[in-house]
Amino acid sequence: MTEHRKYEIDPVTGSPIHPHSWDGIGELETPPPRWWVLVYLVCIVFALGWWVAYPAWPTISGYTKGLLGFSTRADVAEQIAAAKAAQAPLNDRLAKADYTAIAADPELSAFALAGGKALFGENCAQCHGSGAAGNVGYPNLLDDDWLWGGDFATLQATLEHGIRATTDADTRQSLMPAFGKDGMLTRAQVDDVAAYVLSLSGGAADAAAAERGTQVFADNCASCHGDKGVGLRDTGGPRLDDAIWLYHGDVKSVAAQIWNPRHGVMPAWAGRLDPLAIKKLVYYVHSLGGGE
C-alpha cells in the first residue's frame, strides 16, 4: 500500500525524502550531478547529429543516406578494387604462365599458393576440411592416393568438370555396382571378398574367408581395381592395397560398400570459378603433399 506523507530530511545525507513510500521505503529527492546531466545532453545531441550525418533510418525502398553519404559497402568495394588493381600485374603473369613456369618463379609461386589457399577455404574446405585432410566420404588431399592421378593437368580436369557432376557432360565417372543389393553376389560372397580386400592392405581379416574371396574378386572386381587391387586410373578404380579408406577400413564397412556402395559428388567448378582461380586452386592442391 502506498503511503502519503510530508517531506522529511534524511539525517545521513541531508536530502529531502520524497513523500511517497512503498512498504515503508522512501526515495531521496537527490538530483543527478550536473556533470552527468551535461554528458547526457551531449550524447543526445551527438546521436541526433549522427542520424543526420550518416545512414541511419530504414525507409520503404531503402534507407536515409545521410549528409556525408558514407557507406561501408562502398568503402569495402573501394578496398577490393584497390587490391585487384595491385594484384593485376601478378594475375596477368600467372594467367600466361604454365605450371612449370609458376613453380620456377618464387614470387609467382608464392602468389599462386596464397590465392589458392584463400580459394580453397572459400570453396573446398567445407568437404575436404580446412587442412585438406578430408573426412569420412571426403578424400584426403594430403596423401598420394589419386583416383585419376595427381599431376597438374589431371587435377585441373577434375576441378573443371567435377566427379559425377550432373551439370557437366565431361565430368569424371566412376560408379561401383551394388553387388549385393542388385543380386550380383550373395551375402556370403560379399563377406568373403570383403575379407580378401582387407587382406590386400594387411588388415585384420579371416584367412579362410579371404581365400574364398580371391576368385570372387578376380571375377567381379579386378576389371576396375586391378588384379592385385592396385587400382586403375583409367576407370577411376581406387587402390585397395594401401590403408587409405574413404568409408572406414573395417570388414563391416568394406562389406557395406560392396553390398550397396555410396558415390560422392564433386561439383564442376568451371563456370563457377574463372580459369585463373581454378589455376590457383590446382597449384595449391598440388602443393599439399600428394601432387605428382
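- In the nomenclature of an unreviewed UniProt entry, the protein corresponds to Cbb3-type cytochrome c oxidase subunit from the organism Zavarzinia compransoris.
- The heading Pathway (unreviewed entry) in the UniProt record of the protein holds the text "Energy metabolism; oxidative phosphorylation."
- Looking at the protein in UniProt, the text filed under Function (unreviewed entry) is "C-type cytochrome. Part of the cbb3-type cytochrome c oxidase complex."

**Focus on the packing of helix α2 (residues 72-96) against helix α4 (residues 106-123)**
Phase 1 of the analysis: One can describe the packing of α2 onto α4 by two numbers: an axis separation of 10 Å at closest approach and a directional angle of 100°. The angle between the axes of α2 and α4 places the two elements in the roughly perpendicular class. On the side of α2, the interface is formed by Gln87, Leu90, Asn91, Arg93 and Leu94, while α4 contributes Glu107, Leu108, Phe111 and Ala112.
Phase 2 of the analysis: When grouped by side-chain class, the residues that make up the contact of α2 with α4 number five nonpolar, two polar and two charged.

**With respect to the UniProt feature "binding site: heme c 2" (unreviewed entry) in the protein**
Phase 1 of the analysis: Within this numbering scheme, the UniProt entry marks Met176, Cys221, Cys224 and His225 as carrying the feature "binding site: heme c 2" (unreviewed entry). The greatest C-alpha distance among the residues just named is 10.5 Å, despite their covering 50 residues of sequence, which places them together in space.
Phase 2 of the analysis: Accessibility expressed as a relative area gives 9% for Cys221, which makes it buried.
Phase 3 of the analysis: Exposure remark for Cys224: the relative accessible area of 35% places this residue in the partly exposed category.

**Observations regarding unusual backbone geometry**
Phase 1 of the analysis: In this structure, Arg164 takes a positive phi of about 55° despite not being glycine.
Phase 2 of the analysis: Position of Arg164 among the secondary structure elements: in the loop between α6 (152-161) and α7 (187-200).
Phase 3 of the analysis: Phi is positive for His248, close to 75°, though the residue is something other than glycine.
Phase 4 of the analysis: Within the secondary structure, His248 sits in the loop between α9 (222-225) and α10 (251-259).

Calculation notes
- Residues numbered from 1 in each chain as written.
- Predicted model: local features only at pLDDT ≥ 70, side-chain atom pairs only at ≥ 80, totals over all residues.
- Heavy atoms only, no water.
- UniProt positions renumbered as here; feature names shortened; annotations may be inferred.
- Axes fitted to C-alpha atoms, helices over the stretch in contact; angles between N-to-C directions.
- Helix = DSSP H or I, 4+ residues; strand = E, 2+ residues; numbered from the N terminus.
- Parallel < 35°, antiparallel > 145°, perpendicular 65-115°, else oblique.
- Contact = heavy atoms within 4.5 Å.
- Nonpolar A, V, L, I, M, F, W, Y, C, P; charged D, E, K, R; others polar.
- Buried < 20%, exposed > 50% of the residue type's maximum accessible area, 1.4 Å probe, protein only.

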